[in-house]
Amino acid sequence: MAAYVKYQIGTGILDTTVQAATDSWKIILSNTAPNVATNTTAASATELGTAGGYTAGGVSCTVTSSSQTAGVYKLILAAPVSPTWTASGAGFTFRYVILYNLTNTQCIGYWDYGSAVVMLDTQTFTPTLDAAGGTYTLT
């Protein structure tokens with residue numbers, strides 16, 4: 001299971017400028033460990049280039065629900081229709097799956113798979129987003 005890491009600046013922005021339920025969301029892949037202090041926008045994250053079945057720019061997510069109960073805000077996102085990426089030719093390799101708010105290009109968090117994930121020709125990868133606990137919560 002991949003470990004989820006929140007960007008602190010992203011959490012602060014969620015409190016003030018992001019309209020999570022109506023904003024657009026994307027997921028990108030990377031081989032470079034995100035620096036939550038400096039890689040705070042999609043442009044500053046080191047995304048994979050278009051090759052081997054991966055297309056730079058990532059994929060869009062759909063807002064399933066957005067709610068606040070007892071002071072806890074929860075956003076649930078659904079990944080695109082499975083499979084999201086299908087490797088071709090030499091394939092591609094990634095370790096980090098980065099979630100960002102497309103509306104303001106702010107990185108919100110990422111999942112670290114702990115080691116490189118090698119996608120070989122015809123293999124598929126679709127991120128699993130938590131439909132019960134939420135993609136993220138904010139208190």
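Calculation criteria
- Every chain is numbered independently, its residues counted from 1 as its sequence is written.
- At least 70 in pLDDT is required for a residue's local features to be given in this predicted model, at least 80 for side-chain atom pairs to be given and counted, and no such filter applies to totals for whole chains, interfaces and linings, which use all residues.
- Values reported for side chains reflect all heavy atoms of the structure, with hydrogen atoms and water molecules removed beforehand.
- Grouping buried Ala, Val, Leu, Ile, Met, Phe, Trp, Tyr and Cys residues that are joined through side-chain atoms within 4.5 Å yields what is termed a nonpolar core.
- Each residue's exposure class comes from its accessible area (1.4 Å probe, protein chains only) as a fraction of the maximum for that residue type: buried when under 20%, exposed when over 50%, partly exposed otherwise.
- The way it works is that DSSP assigns letters per residue, a run of H or I at least four long becomes a helix, a run of E at least two long becomes a strand, and they are numbered from the N terminus.
- Each Phe, Tyr or Trp ring, with Trp reduced to its six-membered ring, pairs with another whose centre is within 6.5 Å; inter-plane angles below 30 degrees give stacked pairs, above 60 give edge-to-face pairs, and intermediate values give tilted ones.
- For this document, the term salt bridge refers to a Lys or Arg side-chain nitrogen within 4 Å of an Asp or Glu carboxyl oxygen.

(A) Here's a closer look at the nonpolar core. Among the nonpolar cores identified, the biggest contains 32 residues, and Trp25, Ile27, Leu29, Trp85, Phe92 and Phe94 are the most heavily contacted of them. The set of elements that each furnish at least two residues to this core consists of β2 (25–30), β3 (59–69), β4 (72–78), β6 (92–101) and β7 (106–119). Looking at this core element by element, the count peaks at 7 residues for β6.

(B) Focus on the packing of aromatic side chains. Summed over the entire model, instances satisfying the criterion amount to 8 aromatic pairs. Judged by centre distance (5.8 Å) and plane angle (75 degrees), the rings of Tyr96 and Tyr110 are edge-to-face. In this pair, Tyr96 is assigned in strand β6 and Tyr110 in strand β7, connecting sequence segments 14 residues apart. Like Tyr110, Tyr96 is buried. Through a chain of ring-to-ring contacts, the aromatic side chains of Tyr54, Trp85, Phe92, Phe94, Tyr113 and Phe125 assemble into a single cluster.

(C) The pattern of salt bridges, seen in detail. The final tally for this structure, using the stated rule, is 1 salt bridge. One salt bridge connects Arg95 with Asp112, and the closest N-O pair in it is separated by 2.7 Å. In this pair, Arg95 sits in strand β6 while Asp112 sits in strand β7, placing the two residues 17 residues apart along the sequence. On the basis of relative accessible area, Asp112 is assigned to the buried category, the value being 18%.

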